[in-house]
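Survey of secondary and tertiary structure
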Amino acid sequence: MIPPAIRELFHSATKQRAFQQLLQQLTRGGRGPFSLSGLTTTAKALYLVLLYQATEKPLLIVVDGNKQAETLFELTGAFFDLLLSDRNLPSPEIIPALDVLPQQRLSPHSEIAEQRAIGLWKLSTRRIPITIAPVASALLRTENRDFYQQLALTLRVTEEIPLEDLLLHLESIGYEKREPVEMVGEYSLRGGILDIFPAEASNPIRIEFFGDEIESIRRFDVETQRSILKIKEAHILPLVEYPRSRALLRELADHAPDAVDRDLLAPGDLFPGWEYLVPLARPRTSTLLELAQEATIIFDEPQQIETAAERHWKRLLETDRPSPIEPEKNFLKWEELTQLSESRTRLLFQELELINEPAEDVSAAFHISSRPSMTFHGNMPVAVAEARNLIAQGNR
């Protein structure tokens, strides 16, 4: 349980005159862009949570890179748990940028692919309070909400599902056959018993079928392989953001024959870098901003973001190694992203106040002074201890 004095300390930040003025603008329907300066990274995380708490409107924060996204995500998560843990809300999400470029002809790291797939599914199926994304992720074109909604499965006792269809879907969203199941993303089949280790699950599940009917679902222990808990339903989240199939992979290989080593791979085999080639078969028509419906868009350090976007496009256009697909099919340009954001409420977070910023660039500018603080890395005891020290020193 969080001591009341700790909550009071952080809630006192809402009394800042500049923050109250910003809230007045937002509650009156102002769309901005509004500038809020003077915030360190820790202060930004705190005010993101306080802003959501005050407006109850989702937030999409765009930052310059994966490192800043991870730092802000950890801090925001810590303050979210401190201040909103009793609200039964979905946790903040991060949608990382892919760690490879199309011309590298490599697939993204499996952890990044999984994090993106789950994040996009959650963003499409529920109201996520706070979502953080690097600008390279915000520039990457996406599918629409309906597309991501059908990636996950909910399996329930007594329901019927053809086992063959279930196995095909598991493989299409990134699960691989292993015996025995020991790690996330693996499944095995023995007669009418299907073991799956779902993403974001602490234990794998064992499903017993009678024909196509699910008779029982149990969680089981990886070490002993013994059942430990009977459950009524299980959620199978995706590990990739685009369902893969042999038919799709054959089509992509036909569209970009130079991207596949046909001497080593049979038609329909998985090949590195296929993810970037998907728009050749199915153009992507949506964006992260459109998935985050009704969200206030926050650009964290806009000048740094613009520089990162320009640097990203410079890398995309490097000609040392030709890309198998035009970059425009996968990525927006910075100007397109900012144009899309113009119909939404926009905030600009800046640590330094830019005195010479043109007045016409923002509707109103606010400043809150903050000082550097320690990084919590999601460690609640450390965050609480720091808050207690501040109270002991008379800070309230």
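As shown above, the structure is provided for reference.
Residues numbered from 1 in each chain as written. Predicted model: local features only at pLDDT ≥ 70, side-chain atom pairs only at ≥ 80, totals over all residues. Heavy atoms only, no water.

**As for the overall build of the chain**
The condition that has to hold: Helix numbering and strand numbering both begin at the N terminus, where a helix is a DSSP run of H or I of at least 4 residues and a strand a DSSP run of E of at least 2. Under the scheme applied here, a residue whose accessible area is under 20% of the maximum for its type counts as buried, over 50% as exposed, and between as partly exposed, the area being computed with a 1.4 Å probe on protein chains only. Any two residues having at least one pair of non-hydrogen atoms within 4.5 Å are treated as being in contact.
If you tally the helices and strands in the chain, you get 14 helices and 15 strands. The buried share of the chain, taken over its 396 residues, is 51%. Restricting the contact set of the chain to residue pairs at least 6 apart, pairs at least 24 apart contribute 73%.

**Focus on the packing of helix H2 (residues 17–27) against helix H3 (residues 41–55)**
Which entries qualify depends on this criterion: Inter-axis angles, ranging from 0 to 180 degrees, are taken between N-to-C directions of lines fitted to C-alpha atoms, where helices are fitted over the stretch in contact. Working definition: roughly parallel below 35 degrees, roughly antiparallel above 145 degrees, roughly perpendicular at 65 to 115 degrees, and oblique for all remaining angles. In this scheme the handedness of a crossing depends on how the near helix is turned from the far one: anticlockwise by less than a right angle means left-handed, clockwise means right-handed. Classification convention: Asp, Glu, Lys, Arg as charged; Ala, Val, Leu, Ile, Met, Phe, Trp, Tyr, Cys, Pro as nonpolar; all other residues, Gly among them, as polar.
Here H2 crosses H3 at 45 degrees, and the two axes come no closer than 11 Å. As summarised for this structure, H2 and H3 are arranged oblique, according to the angle between their axes. In the packing of H2 onto H3, the handedness of the crossing is right-handed. Note on element contacts: H3 touches H2 through Tyr 47, Leu 50, Leu 51, Ala 54 and Thr 55, opposite Phe 19, Leu 23 and Leu 26. Looking at the contact of H2 with H3 residue by residue, the classes come out as seven nonpolar, one polar and no charged.

**With respect to the pairing of strand E13 (residues 296–300)**
So the rule is basically this: Here, strands pair whenever DSSP counts at least two bridges between them.
Counting buried residues along E13, five of its five residues qualify, which places the element largely inside the surrounding structure. Sheet topology places strand E2 (residues 59–63) next to E13; four bridges connect them, and they run parallel. Bridged to Leu 59 within E13 is Thr 296. Where E13 and strand E14 (residues 346–350) come together, four bridges link them in parallel fashion.

**Examining the sheet that holds E2**
On the basis of which strands lie adjacent, the open sheet formed by seven strands has the order E3-E4-E2-E13-E14-E1-E15 and parallel pairing. Sheet topology places strand E3 (93–94) and strand E15 (364–367) at the edges, where each strand pairs with a single neighbour. Packed onto the sheet, helix H12 (residues 302–316) meets E2, E13 and E14 and runs at close to 80 degrees relative to E13.

**Side note on the packing of aromatic side chains**
Rules: Ring pairs are drawn from Phe, Tyr and Trp, using the six-membered ring of Trp, whenever the two centres fall within 6.5 Å, and their geometry is named by plane angle: stacked under 30 degrees, edge-to-face over 60, tilted for the rest. For a Lys NZ or an Arg CZ to count as sitting over a ring, it must be within 6 Å of the ring centre and within 35 degrees of the ring normal.
Inspection of every chain in the model, using the stated rule, returns five aromatic pairs. Consider the rings of Phe 147 and Tyr 148, whose centres lie 5.4 Å apart with planes at 90 degrees: the pair is edge-to-face. Residue Tyr 148 is classed as buried on the basis of its relative accessible area of 1%. Note on Phe 147 and Tyr 242: the rings are 5.1 Å apart at their centroids and 35 degrees apart in plane angle, and the pair reads as tilted. Of this pair, Phe 147 sits in helix H7 (residues 145–149) while Tyr 242 sits in the loop between strand E12 (233–236) and helix H9 (246–255), placing them 95 residues apart in sequence. The same class applies to Phe 147 as to Tyr 242, namely buried. Members of the aromatic cluster, each reached through a chain of ring pairs, are Phe 147, Tyr 148 and Tyr 242. Of note, Arg 206 hangs over the ring of Phe 220, and the distance from its end group to the ring centre comes to 4.1 Å.

**Quick notes on the environment of Leu 36**
Relative to the helices and strands, Leu 36 resides in strand E1 (residues 34–37). Put simply, Leu 36 and Phe 19 are 17 residues apart on the chain and 8.5 Å apart in space, counted from C-alpha to C-alpha.

**Focus on the pattern of salt bridges**
Rules: By definition here, a salt bridge exists when the distance from a side-chain nitrogen of Lys or Arg to a carboxyl oxygen of Asp or Glu is within 4 Å.
Across all of its chains, the model carries 17 salt bridges by this definition. Its salt-bridge partner being Arg 141, residue Glu 336 comes within 3.8 Å of it at the nearest N-O pair. Of this pair, Glu 336 sits in helix H13 (residues 334–341) while Arg 141 sits in the loop between helix H6 (135–139) and H7, placing them 195 residues apart in sequence. On the accessibility criterion, Arg 141 (19% relative accessible area) is buried. A single salt-bridge network, built from bridges that share partners, covers Glu 179, Arg 190, Asp 195 and Arg 206.

**Quick look at unusual backbone geometry**
In this model, Gly 32 is joined to Pro 33 through a cis peptide bond whose omega is 10 degrees. Along the chain, Pro 33 turns up in the loop between H2 and E1. With an omega of 0 degrees, the peptide bond running from Glu 179 to Pro 180 counts as cis. Structurally, the position occupied by Pro 180 is in the loop between strand E6 (176–177) and strand E7 (186–190). Unusually for a residue other than glycine, Glu 301 sits at a positive phi of about 55 degrees. Structurally, Glu 301 can be placed in the loop between E13 and H12. Note on Glu 301: relative accessible area 15%, which makes it buried.

**A word on H12**
Quick reminder of the rule: By this rule, a helix spans an expected 1.5 Å times one less than how many residues it contains.
Counted at 1.5 Å a residue, the expected span for H12 with its 15 residues is 21 Å, and the 21 Å between its end C-alpha atoms agrees. If you follow the buried residues of H12, they end up packed against E2, H6, E13, H13 and E14.

**Overview of the environment of Val 100**
Mapped onto the secondary structure, Val 100 falls in the loop between E3 and helix H5 (110–125). Relative accessible area serves as the criterion here: at 7%, Val 100 is assigned to the buried category. Sequence separation of Val 100 and Tyr 276 is 176 residues, and the distance between their C-alpha atoms is 9.6 Å.

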